[in-house]
Amino acid sequence: MSIEDSLRSLSLDYLNLLINGQAFSDVTFSVEGRLVHAHRCILAARSLFFRKFFCGSESPGGTSSDQSSGSGSRAAPPSSPQRSGVVIPVNSVGYEVFLLLLQFLYSGQVSIVPQKHEPRPDCGERGCWHTHCTSAVDLALDTLAAARSFGVEQLALLTQKQLANMVQKASIEDVMKVLIASRKHEMHQLWTTCSHLVAKSGLPPEVLAKHLPIDVVAKIEELRLKSSLARQSLVPHPTTTTTTTTLVTMISSQPLAPTSRTRRSGECGVPSTRPTLSL
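Each chain carries its own residue numbering, running from 1 in the direction its sequence is written. Local features in a predicted model are, by the rule used here, given only for residues with pLDDT of at least 70; side-chain atom pairs are given and counted only at 80 or more, and totals for whole chains, interfaces and linings are based on all residues. Side-chain figures throughout are based on the complete set of non-hydrogen atoms in the structure, without hydrogens or water.

The next subject is the overall build of the chain. Note on conventions: DSSP H or I runs of at least 4 residues are helices, E runs of at least 2 residues are strands, and numbering of each starts at the N terminus. Secondary structure summary: the chain contains 11 helices and 3 strands in total. Counting from the amino terminus, the chain carries its helices and strands in the arrangement α-β-β-α-α-β-α-α-α-α-α-α-α-α. Per-residue accessibility, obtained with a 1.4 Å probe over protein chains only, is compared with the maximum for each type, and a residue is labelled buried under 20%, exposed over 50%, and partly exposed between these values. Taking all 279 residues of the chain together, the buried fraction comes to 33%. Within the chain, residue pairs in contact and separated by at least 24 positions form 55% of the contacts whose partners lie at least 6 positions apart. Computed by Shrake-Rupley with a 1.4 Å probe, the accessible areas treat only the displayed protein chains as cover when residues are assessed. As displayed, the chain offers around 18,100 Å² of accessible surface, 56% of which is attributable to carbon and sulfur atoms. By the convention used here, residues are in contact when the closest approach between their heavy atoms is within 4.5 Å.

A separate point is unusual backbone geometry. Look at Glu-32: it is not a glycine, yet its phi comes out positive at around 55°. A positive phi angle is found at Glu-186, which is not glycine, with a value near 55°. Tracing the backbone shows Glu-186 in the loop between helix H7 (172–184) and helix H8 (188–200).

The rule for a salt bridge is simple: a side-chain nitrogen of Lys or Arg has to be within 4 Å of a carboxyl oxygen of Asp or Glu. With the rule as written, the count across this model stands at 7 salt bridges. Arg-148 serves as the salt-bridge partner of Glu-153, at 3.1 Å between the closest nitrogen and oxygen. Using a relative accessible area of 29% as the deciding quantity, one classes Arg-148 as partly exposed. Put simply, Arg-183 and Asp-215 hold a salt bridge, and the shortest N to O gap is 2.1 Å. With a gap of 32 residues between them, Arg-183 in helix H7 and Asp-215 in helix H10 (residues 214–234) connect regions that are remote in the sequence. Owing to a relative accessible area of 31%, Asp-215 belongs among the partly exposed residues under this scheme. In the salt-bridge network here, residues are joined through shared partners; they are Asp-138, Asp-174 and Lys-177.

Turning to the nonpolar core, a few remarks are in order. In this structure, Phe-29, Leu-43, Phe-50, Phe-98, Phe-150 and Leu-163 are the most contacted members of the largest nonpolar core, which totals 63 residues. No other element matches the 9 residues that helix H4 (residues 95–107) contributes to this core. Take the buried residues of types Ala, Val, Leu, Ile, Met, Phe, Trp, Tyr and Cys, join any two whose side-chain atoms come within 4.5 Å, and each joined set is a nonpolar core.

Bringing the packing of H4 against helix H5 (residues 134–149) into the picture now. At their nearest, the axes of H4 and H5 sit 10 Å apart, and the two run at 60° to each other. What the angle tells us is that H4 and H5 run oblique. Here H4 runs over H5; the crossing is right-handed. Contact residues: H4 offers Glu-96, Val-97 and Leu-100, while H5 offers Leu-139, Asp-142, Thr-143 and Ala-146. Note that Gly is not counted as nonpolar here; it falls among the polar residues with everything else outside the nonpolar set of Ala, Val, Leu, Ile, Met, Phe, Trp, Tyr, Cys and Pro and the charged set of Asp, Glu, Lys and Arg. Tallied by class, the residues present in the contact of H4 with H5 amount to 4 nonpolar, 1 polar and 2 charged. Throughout, an axis means a line fitted to C-alpha atoms (over the contacting stretch in the case of helices), and angles, computed between N-to-C directions, take values from 0 to 180 degrees. Oblique is the label for any angle not covered by the other classes, which are roughly parallel (under 35 degrees), roughly antiparallel (over 145) and roughly perpendicular (65 to 115). Left-handed describes a crossing whose near helix is turned anticlockwise from the far helix through less than a right angle; right-handed describes the clockwise counterpart.

This brings us to H4. Any helix carries an expected span of 1.5 Å times its number of residues minus one. Compared with an ideal rise of 1.5 Å per residue, which puts 13 residues at 18 Å, H4 spans 18 Å between its outermost C-alpha atoms and is within 8% of the ideal. Burial analysis of H4 places 10 of its 13 residues in the buried class, the great majority of the element. Taken together, the buried positions of H4 are occupied by Tyr-95, Val-97, Phe-98, Leu-100, Leu-101, Leu-102, Phe-104, Leu-105, Tyr-106 and Ser-107. At the exit of H4 stands Gly-108, carrying a positive phi of roughly 80°.

Turning our eyes to something else, we now look at the confidence of the model for the chain. The share of residues in the chain with pLDDT of 70 or more is 73%, and the mean pLDDT across the chain is 79. The quantity known as pLDDT measures the predictor's confidence residue by residue, on a range of 0 to 100. Mean pLDDT across the elements of the chain bottoms out in helix H11 (residues 238–253) (51) and peaks in H7 (97). Within the model, pLDDT remains below 50 along residues 259–279, and this stretch shows 5 contacts once partners closer than five positions in the same chain are excluded.

Okay, the packing of aromatic side chains next. Here is the rule: rings of Phe, Tyr and Trp (six-membered ring for Trp) pair when centre to centre is within 6.5 Å. Planes less than 30 degrees apart are stacked, more than 60 are edge-to-face, and the remainder are tilted. Inspection of every chain in the model, using the stated rule, returns 8 aromatic pairs. A centroid spacing of 5.3 Å and a plane angle of 70° characterise the contact between Phe-29 and Phe-98, whose relative ring orientation is edge-to-face. Of the two residues, Phe-29 sits in strand E1 (residues 27–31) while Phe-98 sits in helix H4, which places them 69 residues apart along the sequence. Of the two residues, Phe-29 and Phe-98, neither departs from the other in class, the shared state being buried. Ring plane angle 20° and centroid distance 5.5 Å describe the contact between Phe-50 and Phe-150, whose orientation is recorded as stacked. One end of the pair, Phe-50, is in helix H3 (residues 48–53); the other, Phe-150, is in the loop between H5 and helix H6 (153–166), and 100 residues separate them in sequence. Judged on exposure class, the residue Phe-50 and its partner Phe-150 are both buried. One aromatic cluster in this structure is built from Phe-29, Phe-49, Phe-50, Phe-53, Phe-54, Phe-98 and Phe-150. In this structure, Arg-34 packs its charged tip against the face of Tyr-95, placed 3.8 Å from the ring centre. A ring is scored as having a charge over it whenever the NZ atom of a lysine or the CZ atom of an arginine sits within 6 Å of its centre and within 35 degrees of its normal. Across from the ring centre of Phe-104, 5.6 Å away, lies the NZ or CZ of Arg-46, which sits over that ring.

As for its position among the elements, His-185 is in the loop between H7 and H8. When sequence neighbours within four positions are dropped, the list of residues in contact with His-185 reads Leu-144, Ala-145 and Arg-148.

And the structure:
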C-alpha cells in the first residue's frame, strides 16, 4: 500500500466515525433542531477554536462563556461541554454547513459543491449541476464564513479556491456577493478576481451602487479608467502614423546606392602586375 492509499484509508476511517453518529462520540451539538454527534479529541486536535471551547472559553453559538465567579474559579456556562449529557446549541451556522465543517476536520477533505441535480433553494433550474448557480455560491460563502468563524483556515483557503472558479461563470449579482465577502475576509486574490469581473461587466455606477458600498464602486471605476488608458496606449497616434508613412515614402524614392564596385588593381591584396617566374 502506498503512502497516498494509507492516508486515504485513514481519512475515511475518521470520517466513518462522524457518519456513524453516536459510535464512541462524547459530545453532541444541536444545529437547526438536529443532533450532531462528534468526538472532542478530534475536534480539539484539528481546531484551536474547539480546543479553547472544550476548556470553557468559547461557545460555538457565537457567545463567550460566563465570567469567573467571585471565588476566582471559572463558572461553566449552561451549554458547557464540561457537563456530561449536555447538548450544545450551535446558532451561528446552518446544519449543512456545520456538517461540511466537521467533515473537513475529520477527513481533511470536503466537497463544497452541492450534489448534482439536487433540488436546492434559490435554484429553479431543473437538473442543475450546481457548479456556479446562486445556491452553490451561497453555500460556498456560508462555508467560508463558518471556516473563518471556527478558525479552520485550511477550509477557508479551499473555499476561496472554489469560489474563484465559480465566479468565472456565475451571474454578475453573485460575483458582487463574492466581492463583498472577499473584502470582509481580506482575501486579496479573490477580491482581485471579482473586482476585474465586475469592472468588465459594463454595469453603470448607479446600478453598482445598489449592490456595493460606494467606496467599492469607486475602486471599480478606477479599474475601468486604468483599463481604458491602457487600451488607448496600445492604439497608434495619428501623427506618428503619418510621420512614419512619410519617412518610408522618402526612403523608397531615393535611388539605391550600388551594392558593389569594380575592384581596382592594387586593392585588397590584388597585385597590379602578374608575377613572373625566373629560372
